[in-house]
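Residue-level structure breakdown
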Amino acid sequence: MAKSSADDEELRRACEAAIEGTKQKVVMSIRVAKSHGIWGKSGKFGRHMAKPRVLALSMKSKGQRTKAFLRVLKYSTGGVLEPAKLYKLKHLSKVEVITNDPSGCTFTLGFDNLRSQSVAPPQWTMRNIDDRNRLLLCILNICKDILGRLPKVVGIDVVEMALWAKVLQGLEAATNYVDDMDEWLGIFNVKLRHMREDIESIETRNNKLEMQSVNNKALIEELDKLLERLRVPSEYAACLTGGTFDEAHMLQNVEACEWLTGALRGLEVPNLDSTYANMRAVKEKRAELEKLKATFVRRASEFLRNYFASLVDFMISDKSYFSQRGQLKRPDHADLRYKCRTYARLLQHLKSLDKSCLGPLRKAYCSSLNLLLRREAREFANELRASTKASRNPTVWLEASTGGSQSGNSADTSAVSDAYAKMLTIFIPLLVDESSFFAHFMCFEVPALVPPGGVANGNKSGSYDDDTNDDDLGIMDIDDNDSKAGKTSADLQSLNESLQDLLDGIQEDFYAVVDWAYKIDPLRCISMHGITERYLSGQKADAAGFVRLLLGDLESRISMQFSRFVDEACHQIERNERNVRQMGVLSYIPRFATLATRMEQYIQGQSRDLVDQAYTKFVSIMFVTLEKLAQTDLKYADIFLLENYAAFQNSLYDLANVVPTLAKFYHQASEAYEQACTRHISMIIYYQFERLFQFARKIEDLMFTISPEEIPFQLGLSKMDLRKMLKSSLSGVDKSIAAMYKKLQKNLTSEELLPSLWDKCKKEFLDKYDSFAQLVAKIYPTETIPSVTEMRELLASM
């Protein structure tokens, strides 16, 4: 049920505010609707529009007297209650419930002091019967208690009102009980809330205690694990600080290293929680492990340095291990590597524990093994030279004073280049394998030195020995899972520096073999160059850098020695300039052909460029010297040139067909020969028929300035002058031609050239005479001269 406005405390306070200053106390206030009834003929009751009002019962005490009032309040424009009417309850005479209202909520109050009784009293309409009953009951009770009387009640049963006043007193009593119970329940609720808080507090403490218990248990477990990490097994401690490094105990050493590596890593973040890492016990244990590591690394490094030195000293002290008089000994390092492999795993762990210790160990290994390798190479090279039998070939090939047959009967010196090849065959694969073994043994992170199927020894025959996996240490890289991209470059540089220490000095024994071979036969540099180039092309792996450098130095040494031979031969050619008189074919022309033939026989592989460069230098000097010698006697210069250029072509004809470089110089000599022939033949023709061809030249010169018709009128070129010139030049022409032949034959030392030169001479003479005949026919058309055909027949008959 909706709450009655009689219980609205806010409405009561608004009413008290409206009558403030009247000293009246509001007993009840309730909202009503005010209307006016109309008395009609039919006696029916009607209403005007209802207006909202508030009825307030108030009382005022004055001494022993109490006055009761009924106040009517209305709402102002702003919605504020203000007094409208005031009735004294002592004048209330009648209370009448309007029967025409079916709801029974409308009633009127009649007062006996109203001025006009003919005006219908206002009608008050309540929301419901309960509000009506409460208001009317309150009015009747006040009248009874204060006034001592009751007004007349119409339209409502008084008994019913009494009974209602009683579902109401009972309700009020029940309400009081409920209020009391609510108060008790509130008290109980407070107590229960306090109990709940106490219980929650107890539960929270219990939960904390339980959590603390769990945490303490977990902490004890973690501390137990940490203590286990921090514990150093006594057997490992003894091995790391004072154990032996002999082969029988290497397994224990490796196990101790593995434990120490794992223990150190286990005390590092993120393997260990950062909170633990700052604990004093952890720091102290880490310091203890670092001390163990330093002690073990120092002991192991000292042992390995001494071990490497002792291995090499033992091998060097055994003379039977090296080449001896009458016996070439092939170096064998299988036993050395087998003994080193025993400590390969130890080196891997030393690298993992302290990478800085590898530097001194690598230097110690290189220093010791370098002594062995140099001793092996020196003894082998000495015996190789002593056991090779070969006669020395002359180094003077193109000297003018040397006999013509000396350079043609050279001894066979192939044993020299074979000895050099044997030196490379034995030692280059050995050095590559040693480099590879060193790189793996000393834990360099670099690519394989000799790729599978690589050409390690220049002849694609595989590795140096039968153990193709000789550099495989049979172990796994401890840091195999680490990123190695950034390490490879730095390690490769470090490796090449170490290989320099390992192999440096051995090149001197290779140089000695090269110099020895050069002294026996300088041309053998060609063969040795090709052999070296073949080995050099086989060294493709980056880690075998020093071996490539060695081969490159050998190639440079060979090229230098060969260049020395070429320079000396060029000096021999240039010494020909000192001869004041040179006739016929120079001696170095046929000797060069013999030299080139021998050089072609020595070419191997990539030595073609070396030989071609020598050809270029030889021939350039030869041609320059030839031209200089020709200038010493200009009278016979062309004969001298054509004979020597012809000899150059004849001696190199076969080689020029197969050697492009020589073919180029062959064509150059051919052009020079043709030019010399042309100049010499022209000189002979002009010598015998000078007036004839001078007359023709004058005509040709004038044709550039005047017309052909004017030429016969020029001084010295008249028809009479033409007839005189023809008579003096062509009278006895057969004798003049014969004289021309004799002059061509007179100073020629190479008789085999005469037929071809005479043919060139006849052809040149006919070409010139033909040009002269055409000029005469054009300038002197009425004059007759011997025809070209007659002259051709005359030359053919001679």
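Higher on the page you've got the structure.
Nothing here was measured: the structure is a model prediction, and the numbers come from that model.

**Details of the pairing of strand β6 (residues 92-97)**
Direction of pairing for β6 relative to strand β7 (residues 106-111): antiparallel, over a ladder of five bridges. Paired with V97 across the two strands is F107, which belongs to β7.

**With respect to unusual backbone geometry**
The backbone phi angle of K23 is positive, close to 60°, even though this residue is not glycine. In this fold, K23 is placed in the loop between α1 (9-18) and β1 (25-39). The exposure class of K23 is exposed, given its relative accessible area of 74%. Non-glycine residue C443 carries a positive phi angle of around 65°. Mapped onto the elements, C443 comes out in the loop between α12 (414-441) and α13 (485-503). Note on C443: relative accessible area 4%, which makes it buried.

**Here's the deal with helix α24 (residues 733-746)**
Relative to the 20 Å expected for 14 residues at 1.5 Å per residue, α24 spans 20 Å between its end C-alpha atoms, a close match to the ideal helical length. When α24 is considered as a whole, its buried residues turn out to be V733, S736, I737, M740 and L744. End-on, the buried residues of α24 take up no more than an arc of 100°, which puts them together on one face. The exposed set on the far side of α24, more than 90 degrees from its buried face, consists of K735, K742 and K746. Of the surrounding elements, those touching the buried residues of α24 are α21 (660-688), α23 (719-730), α25 (754-779) and α26 (788-797).

**Quick look at a positive patch on the surface**
Taken together, the side chains of K23, K60, K62, R65, K67, K88 and K90 define a basic patch exposed on the protein surface. Within the fold, K67 resides in strand β4 (residues 65-75).

**Here's the deal with the pairing of strand β8 (residues 122-125)**
Residues of β8 alternate between two faces, with P122 and W124 on one and Q123 and T125 on the opposite face, all of them buried. Where β7 lies against β8, three bridges are found, and the strand directions are antiparallel. Of the residues in β8, the one forming a bridge with F107 is W124.

**Points about the packing of aromatic side chains**
Tallying each qualifying case throughout the model produces 29 aromatic pairs. Ring centres of F308 and F441 lie 6.0 Å apart, and the angle between their planes is 70°; on these two criteria the pair is classed as edge-to-face. Of the two residues, F308 is situated in helix α8 (residues 280-317) and F441 in helix α12; the sequence distance between them amounts to 133 residues. Overall, F308 belongs to the buried group, its relative accessible area being 3%. Considering the side-chain rings of F623 and Y645, the 5.4 Å spacing of their centres and the 75° angle between planes classify their relative orientation as edge-to-face.

**Let's talk about the environment of L264**
Secondary-structure assignment places L264 in helix α6 (residues 250-266). Taking C-alpha positions, L264 is 9.9 Å from A287, a pair spaced 23 residues apart along the chain. Residues contacting L264, with those up to four places away along its chain left out, are L289, E290, K293 and L353.

**Digging into the pattern of salt bridges**
Across all of its chains, the model carries 20 salt bridges by this definition. Linking E290 and K293 is a salt bridge whose minimum nitrogen-to-oxygen distance equals 3.0 Å. You can see E290 and its partner K293 sitting in helix α8, three residues apart, about one turn around the helix. For E290, a relative accessible area of 34% gives the class partly exposed. In this structure, K339 engages D335 in a salt bridge whose closest nitrogen and oxygen atoms are separated by 3.3 Å. With K339 and D335 both in helix α9 (residues 334-341), this residue pair falls four residues apart, about one helical turn. The partly exposed category is assigned to K339, whose relative accessible area is 27%. Residue classification places D335 among the partly exposed positions, given a relative accessible area of 48%. Linked by salt bridges that have partners in common, E600, R608 and D612 make up one network.

Reading the values: rules and limits
Residues numbered from 1 in each chain as written. Predicted model: local features only at pLDDT ≥ 70, side-chain atom pairs only at ≥ 80, totals over all residues. Heavy atoms only, no water. Pairing = 2+ DSSP bridges. Helix = DSSP H or I, 4+ residues; strand = E, 2+ residues; numbered from the N terminus. Buried < 20%, exposed > 50% of the residue type's maximum accessible area, 1.4 Å probe, protein only. Expected span 1.5 Å × (residues − 1). Arc of directions from axis to C-beta. Contact = heavy atoms within 4.5 Å. Patch = residues over 30% accessible without salt bridge, like charges linked within 9 Å, V, L, I, M, F, W, Y side chains within 5 Å. Areas by Shrake-Rupley, 256 points an atom, 1.4 Å probe, with all protein chains shown as cover. Salt bridge = Lys/Arg side-chain N within 4 Å of Asp/Glu carboxyl O. Lys, Arg positive; Asp, Glu negative; His and termini not counted. Charge placed at Lys NZ, Arg CZ, Asp CG, Glu CD. Phe/Tyr/Trp six-rings, centres within 6.5 Å; stacked < 30°, edge-to-face > 60°.

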